[in-house]
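# Examining the three-dimensional arrangement
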Amino acid sequence: MKIYVTATLRNFFGRNPLIELEGKSIRGILSLLTDEYPDGKKVLFEDNGKLRSFVQIYVGDENRTDEGEWDKELPADAELMLLPAVAGGAPQESIIPDERRKAVFFDDAEVERFGRQLMLRDIGVKGQKRIKASRVVVAGAGALGSPVIQYLAAAGVGTIKAVDFDEVRLENLQSQVLHTSRDLKRPKVASAKDKIRNLNKNINFEAENLKLEADNIVSVIDGYDLVIDCTDNFKARYLISDACVLCGIPLVFGAIYQFEGQVGIFNLNGGPCFRCQFPEPPEAGLVPSCSEGGAISPLPGIIGSIQANEALKLIIGIGEHLDGKLLTVDSLYLRSKILKVKKRCDCPVCGSNAQITKVEDYDYEDFCGLKAKEEEVPIPALTPEELAKRIESGDPITIVDVREPHERAILRFPDAVVIPIGQLARRKNELDPELDTVFICKEGKRSILAINTLREAGYAGPMYSLQGGIDAMKDIIFPHEGAWL
Ligand SMILES: [Zn+2]
């Protein structure tokens, strides 16, 4: 049977998150466990043999802390969890070594600037020195990166490295509060650097105008204390998580979509990694990305602020944090939940039999389904101009809109048949194989997936994808009033 030990108790059980022991009941398992880990016995039990009240025992989802449950026979595949009460647990350790903290000094201005933090018992001078000594990489200077970079700089993180390859666009300003109208077309990291210089000149701000790839990520993050994932695509997420595991750097993960967000801490002291939670990405194009699906303006502020807060707690070494947990926040209904993330023994990067030992050797494009397979027939495409011409000349073509309903509400494509991507295979008989069919989506990625889906389903009629999607088309075909709602 497996016993899952939560992070706060792990130091007393040889730092093992998952311990496997032969035992048939909770009592039997606890006896074997404490025989093997005498330190753990002192933490779990009082001298008179009673289980300490801050520890809860779970089997699966059920609380079995009550001793009346301890002699019942358990199925062989049951997993037992030792969960300390929220207010309990061992004190956290800072990820910043003491010798680096001791080398830090403050001038008078810094003492004044950070006064509100210095007066907090849990931070104080020691904590503030750890913050100044820390070196943090923020991957992405967009929606999540905006609050993360600003709060880390305001709190006094000594070295911040921001990595992004994008330029500021008008549509970014709705949520990327680090950038303003004056920054349009500038690299996001350059804009970030200016803002941070205004906020605190003493910060060592490293701006890397760079796309993270397998051959550069290790040199970008190596030697830093913490990486904060503020990216918006699966390739970057897996690449960052794997590189953090291989370099031994903890990762604060954050993600947003429409009204919902997630935050988690991965790879801390051998804890689970992003792949343990999500072993595979969804098929490319199946889930609209944040840029296609959108997000409400304050959402990245909420999620990014929690990421920055988790980062500071790791740096200072205080509180309970999201190590091996995933916080989900639904801002529309104001619900939040903390879910446990289990370390997978068979995880290809952090498991006992890891196959990924170098990011350079791993094909992230292929893993995330971004590569055209060699044997695949290329997808014929129409440029926006070509499609406009065919519509104008009254060519008998079928246009199929595969976007989600909320996307169509912004812009309806005239005379398009609407078939959501998930229903295409089932509704293929609605298409006329004698006619050319043109598939359209927002950016031209899901329309390719649509054609592949129909090919697999055996549809043989001629199919085209609209290159660049409706985004590329809208200036050409929709100058008339009323197209935009
Ligand atoms: Zn893992």
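None of the values given here were measured: they were computed from a predicted structure.

Taken together, the side chains of Phe259, Ile296, Leu332 and Tyr333 present a nonpolar region at the surface, about 390 Å² in accessible area. Here Tyr333 is to be found in the loop between strand 12 (325–330) and strand 13 (335–340).

To continue, consider the confidence of the model for the chain. The pLDDT averaged across the chain works out to 88; a share of 92% of its residues lies at or above 70. Confidence over residues 86–90 falls short of pLDDT 50; this stretch has seven contacts with residues more than four positions distant or in other chains. This model gives residues 481–485 a pLDDT under 50, and the stretch forms nine contacts once residues within four places in sequence are excluded.

It is worth spelling out the coordination of the zinc ion at this point. For the zinc ion, the protein coordination sphere consists of Cys273 (SG), Cys276 (SG), Cys347 (SG) and Cys350 (SG), at 2.3 Å. Coordination at the zinc ion is tetrahedral: its four donor atoms span angles of 95 to 120° at the metal. The exposure class assigned to Cys273 is buried, which follows from its relative accessible area of 0%. Look at Cys350 and you get buried, because its relative accessible area is 14%.

Before going further, it helps to examine the domain arrangement of the chain. You can read the domains of the chain as domain 1 (2–84), domain 2 (98–367) and domain 3 (381–477). With 11 residues of domain 1 at the contact, the number on the domain 2 side is 10 residues. Between domain 1 and domain 2, roughly 780 Å² of surface is buried when both sides are summed, and carbon and sulfur atoms account for 59% of that area. Linking domain 1 with domain 2 are one salt bridge, by the criterion used here. The closest approach of N and O atoms between Lys342 and Glu79, which form a salt bridge, is 3.8 Å. At the boundary of domain 1 and domain 2, one finds one residue pair in polar contact (both at pLDDT 80 or more).

This part takes up helix 9 (residues 188–199). Taking 1.5 Å per residue, 12 residues should reach 16 Å; helix 9 reaches 17 Å between its end C-alpha atoms and fits that length. On its buried face, helix 9 is in contact with helix 8 (145–155), strand 7 (159–164) and strand 8 (204–209).

Within the secondary structure layout, Thr65 lies in the loop between strand 4 (62–63) and strand 5 (79–84). Residue classification places Thr65 among the buried residues on the basis of a relative accessible area of 18%. Sequence-distant contacts of Thr65, that is, excluding residues within four places in its chain, are made with Leu51, Val55, Gln56, Ile57 and Trp70.

Further remarks concern unusual backbone geometry. At Asn269, a position not held by glycine, the phi torsion is positive, near 50°. On the secondary structure map, Asn269 appears in the loop between strand 11 (260–266) and helix 12 (274–277). Assessed through its relative accessible area of 53%, Asn269 is described here as exposed. Its identity as a non-glycine residue notwithstanding, Leu334 has a phi of 50°, on the positive side. Structurally, Leu334 can be placed in the loop between strand 12 and strand 13. A residue is classified by how much of its surface remains accessible, and Leu334, at 76% relative accessible area, is exposed.

Okay, helix 11 (residues 234–247) next. Under the 1.5 Å per step criterion, the end-to-end length of helix 11 is 20 Å for 14 residues, consistent within 8% with the ideal 20 Å. Counting buried positions over the 14 residues of helix 11 gives 11, a clear majority of the element. Along helix 11, the positions that sit buried rather than exposed are Lys235, Ala236, Arg237, Tyr238, Leu239, Ile240, Ser241, Asp242, Ala243, Cys244 and Val245. Each element contacted by the buried residues of helix 11 is listed here: strand 6 (135–139), helix 10 (217–221), strand 9 (226–229), strand 10 (251–257), helix 12 and helix 15 (364–367).

With that settled, the discussion passes to the packing of aromatic side chains. Enumeration over the complete set of coordinates arrives at nine aromatic pairs. Ring plane angle 70° and centroid distance 6.0 Å describe the contact between Phe266 and Phe274, whose orientation is recorded as edge-to-face. On the accessibility criterion, Phe266 (0% relative accessible area) is buried. Ring-pair connections join several aromatic residues into one group, and the members of that group are Tyr238, Phe253, Phe266, Phe274, Phe278, Tyr362, Tyr364 and Phe367. Across from the ring centre of Tyr224, 4.4 Å away, lies the NZ or CZ of Arg135, which sits over that ring.

Consider a sheet: its strands pair through backbone hydrogen bonds, and that pairing is either parallel or antiparallel. In spatial order, the strands read 8-7-6-9-10-11-12-13; together these eight strands make up an open sheet with mixed pairing. Of all the strands in the sheet, the pair left with one neighbour each is strand 8 and strand 13. Direction aside, neighbouring strands of the sheet carry axes that sit 15° apart on average. Strand direction decides the pairing type here: strand 7 and strand 8, joined by six bridges, are parallel. Paired with Ile160 across the two strands is Phe205, which belongs to strand 8.

Applying the stated criterion to the full structure yields zero disulfides. Counting only cysteine sulfurs, Cys247 is the nearest neighbor of Cys244, a cysteine outside any disulfide, at a range of 7.2 Å.

Here the focus is the environment of Asp232. Relative to the helices and strands, Asp232 resides in the loop between strand 9 and helix 11. Considering only alpha carbons, one finds Asp232 and Tyr257, 25 residues apart in sequence, at a separation of 9.5 Å. In this structure the side chain of Asp232 is engaged in a polar contact, spanning 3.3 Å, whose partner is the side chain of Asn233.

For a regular strand, side-chain orientation follows a simple rule: the groups alternate between the two sheet faces. Within strand 10, six of the seven residues are buried, which leaves the element mostly enclosed by the surrounding structure. On the question of chirality, the crossover connecting strand 9 to the parallel strand 10 by way of helix 11 is right-handed. If you look at the hairpin formed by strand 10 and strand 11, you'll find two residues sitting between the two strands, and Gln258 has a positive phi there, around 60°.

Attention shifts here to the sheet that holds strand 15 (residues 397–401). Ordered by their spatial adjacency, five strands build an open sheet running 14-18-17-15-16, and the pairing between neighbours is parallel. Only two strands of the sheet have a single neighbouring strand rather than two, namely strand 14 (381–382) and strand 16 (417–418). When strand 15 meets strand 16, the two strands line up parallel, connected through two bridges. Residue Asp401 lies in a different strand from strand 16, and its bridge partner there is Val418. Its contacts with the sheet put helix 18 (residues 446–456) on strand 17 (436–440) and strand 18 (463–466), and the angle it makes with strand 18 is roughly 165°.

Conventions adopted
- Residues numbered from 1 in each chain as written.
- Predicted model: local features only at pLDDT ≥ 70, side-chain atom pairs only at ≥ 80, totals over all residues.
- Heavy atoms only, no water.
- Patch = residues over 30% accessible without salt bridge, like charges linked within 9 Å, V, L, I, M, F, W, Y side chains within 5 Å.
- Areas by Shrake-Rupley, 256 points an atom, 1.4 Å probe, with all protein chains shown as cover.
- Salt bridge = Lys/Arg side-chain N within 4 Å of Asp/Glu carboxyl O.
- Helix = DSSP H or I, 4+ residues; strand = E, 2+ residues; numbered from the N terminus.
- pLDDT = per-residue confidence, 0-100.
- Contact = heavy atoms within 4.5 Å.
- Donors = N, O, S within 2.8 Å, 3.2 Å for Na, K, Ca; no water.
- Tetrahedral: all angles 85-135°; square planar, octahedral: opposite > 155°, others 65-115°.
- Buried < 20%, exposed > 50% of the residue type's maximum accessible area, 1.4 Å probe, protein only.
- Domains from an automatic or database assignment.
- Buried area = accessible area lost by both parts, 1.4 Å probe.
- Polar contact = N/O pair within 3.5 Å; in protein donor to acceptor, adjacent residues only side chain to side chain.
- Expected span 1.5 Å × (residues − 1).
- Phe/Tyr/Trp six-rings, centres within 6.5 Å; stacked < 30°, edge-to-face > 60°.
- Lys NZ or Arg CZ within 6 Å of the ring centre and 35° of its normal.
- Pairing = 2+ DSSP bridges.
- Axes fitted to C-alpha atoms, helices over the stretch in contact; angles between N-to-C directions.
- Disulfide = S-S within 2.5 Å.
- Right-handed = clockwise from strand over helix to strand, strands pointing away.

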